[in-house]
Amino acid sequence: MYLLKHKLSEYGFESRENYDYAIQCFMEQPTDNIRYLNVDGDPGRRKSAFANALGQALEYEHLLYFEFGVEKPAPQVIRLNQGEELPEEPPTLPFDRIMTEACALSEAEKTILILDQLHLAEFRQHIRLYEFAKSKSWSYSDVSFFANAQNLLIFIISGEPLYHSLQQASFRIWISALPDGAAEMPHHSELGLDDSCQKWCECLNELLTELALAPSLTELKQLAYDVDQHVRTEEQLKISLFGWIEHVDRHRLNSQAIRPYLARVVQAVAENLGVHEEIEISTDL
């Protein structure tokens, strides 16, 4: 599990936080029930991104996804006699279909099912999920399907707290929309920069701290490349910041309070360019 952070990054989820211990607790707690992971956290789709990345990082054979509130089956109509119409028995609910598919796949292969936006589901579905955790049997109409608890994981994402009993059957993990604490700039060598860039890196770190941003390493590398190769004005710096860094407050970025920090970065870049030009002139001479 010590490579989990890097694997999550490979599948599109980057964070300064380390989730190794939490996932170890979730995966290794002895239980005869279906393992449920409640992916809790700040509002937004970052929780969904985490669940999807974790599903791929664990390298299970099957990764299924279902979102509540998207698909609503309409009752079909059949004609019995001319001028007379009666509704047919409602078709299988999409939720029942995905649950039975997960059960079937888990019989022989490792399977993960992500259930997103659970708060949009009818409350009876919360109760059914709780009962499924214990019984490992999913039933509707007059049929039942059984899951292999050793092969099936279910990730639950909800915009509201889970039904108490369902939470008791789950392990909860918190996914923050924004990292806690101030931004911390990696060493410039980690960003692919030489020692001459140290001054503007320090100024850039001050700017990010003032904006309450803590970018991922990938975001920082993209931003650092722009600053090193392209940024020569405050406006260009703002465009690169907004373009590469998630959660930038555009109003804050354009405020008068931030202008001095932008100016210091641009000035440090200009001074660095001047040093390079002096070195090049001296070499030519």
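Residues numbered from 1 in each chain as written. Predicted model: local features only at pLDDT ≥ 70, side-chain atom pairs only at ≥ 80, totals over all residues. Heavy atoms only, no water.

Undergrad: So what exactly am I meant to see when it comes to the packing of helix α7 (residues 198–210) against helix α8 (residues 217–229) here?
TA: Packed helix pairs are specified by the crossing angle of their axes together with the interaxial distance, meaning the distance between the axes. Packing of α7 against α8 brings their axes to within 12 Å, and their N-to-C directions diverge by 125°. Regarding the angle of α7 to α8, the classification is oblique. The handedness of the crossing between α7 and α8 is right-handed. Between α7, through Trp200, Leu204 and Leu208, and α8, the contact on the second element is made entirely by Leu220, Leu223, Ala224, Val227 and Asp228. Broken down by class, the residue content of the contact of α7 with α8 amounts to seven nonpolar, no polar and one charged. (Axes fitted to C-alpha atoms, helices over the stretch in contact; angles between N-to-C directions. Helix = DSSP H or I, 4+ residues; strand = E, 2+ residues; numbered from the N terminus. Parallel < 35°, antiparallel > 145°, perpendicular 65-115°, else oblique. Left-handed = near helix turned anticlockwise from the far one by under 90°. Contact = heavy atoms within 4.5 Å. Nonpolar A, V, L, I, M, F, W, Y, C, P; charged D, E, K, R; others polar.)

Undergrad: I keep staring at the nonpolar core and nothing clicks. Help me out?
TA: The biggest cluster of nonpolar side chains holds 28 residues, and the ones touching the most others in it are Trp200, Leu207, Val227, Leu237, Leu241 and Val265. Listing elements by their share of this core, those giving two or more residues are α7, α8, α9 (234–244) and α11 (259–284). Among all residues touching Leu241, those that are not within four sequence positions of it are Leu207, Leu208, Leu211, Leu223, Val248, Leu253 and Leu262. Core analysis: the second largest hydrophobic core is formed by 26 residues, Ile34, Met99, Leu129 and Ala133 among them. (Core = buried A, V, L, I, M, F, W, Y, C linked by side-chain atoms within 4.5 Å. Buried < 20%, exposed > 50% of the residue type's maximum accessible area, 1.4 Å probe, protein only.)

Undergrad: Looking at this structure, how should I read helix α2 (residues 20–28)?
TA: In an α-helix, one turn spans 3.6 residues; hence positions three or four apart end up facing the same way. Along α2, the positions that sit buried rather than exposed are Asp20, Ala22, Ile23 and Phe26. Within α2, the buried residues cover an arc of 165° as seen down the axis, which keeps them to one side. Along α2, the residues that are exposed and aim more than 90 degrees away from the buried face are Tyr21 and Glu28. Against α1 (4–10), β1 (35–41), α3 (46–57), β8 (152–156) and β9 (170–175) lie the buried residues of α2. (Arc of directions from axis to C-beta.)

Undergrad: Help me out: how do you make sense of helix α4 (residues 94–106) in this one?
TA: The end-to-end C-alpha distance of α4 is 18 Å, a good match for the 18 Å that 13 residues give at a rise of 1.5 Å each. Along α4, the residues classified as buried are Pro94, Phe95, Asp96, Ile98, Met99, Thr100, Ala102, Cys103 and Ser106. Elements that come into contact with the buried residues of α4 comprise β2 (62–67), β5 (111–116), α5 (123–135), β6 (137–140), β7 (143–146) and β8. (Expected span 1.5 Å × (residues − 1).)

Undergrad: So what exactly am I meant to see when it comes to the packing of aromatic side chains here?
TA: We describe a pair of aromatic rings using the distance from one ring centre to the other and the angle between the two ring planes. Tallied over the full model, the rule gives 12 aromatic pairs. Seen in terms of ring centroids, Phe123 and Tyr163 are 5.0 Å apart; in terms of plane orientation they differ by 80°. Their pairing is edge-to-face. Taken together, the residues span a long stretch of sequence, with Phe123 in helix α5 and Tyr163 in the loop between β8 and α6 (164–168) at a distance of 40 residues. The exposure class assigned to Phe123 is partly exposed, which follows from its relative accessible area of 46%. According to the relative accessible area criterion, Tyr163 is partly exposed, its value standing at 24%. (Phe/Tyr/Trp six-rings, centres within 6.5 Å; stacked < 30°, edge-to-face > 60°.)

Undergrad: Before we go on, may I ask you to explain the pattern of salt bridges in this structure?
TA: Pairing between side chains becomes possible if they bear opposite charge and their charged atoms approach one another. As enumerated under the stated definition, the model contains nine salt bridges in all. The salt bridge partner of Arg128 is Asp96, with a shortest N-O separation of 2.8 Å. Highlighted residues: Arg128 in helix α5 and Asp96 in helix α4, separated in sequence by 32 residues. Look at Arg128 and you get buried, because its relative accessible area is 14%. Notably, a salt bridge pairs Arg264 with Glu206, separated by 3.9 Å at the nearest N-O pair. Pair noted here: Arg264 is in helix α11 and Glu206 is in helix α7, with a separation of 58 residues, a long-range link. Residue classification places Arg264 among the partly exposed residues on the basis of a relative accessible area of 38%. A single network of salt bridges, built from pairs that share partners, joins Arg45, Glu67 and Asp116. (Salt bridge = Lys/Arg side-chain N within 4 Å of Asp/Glu carboxyl O.)

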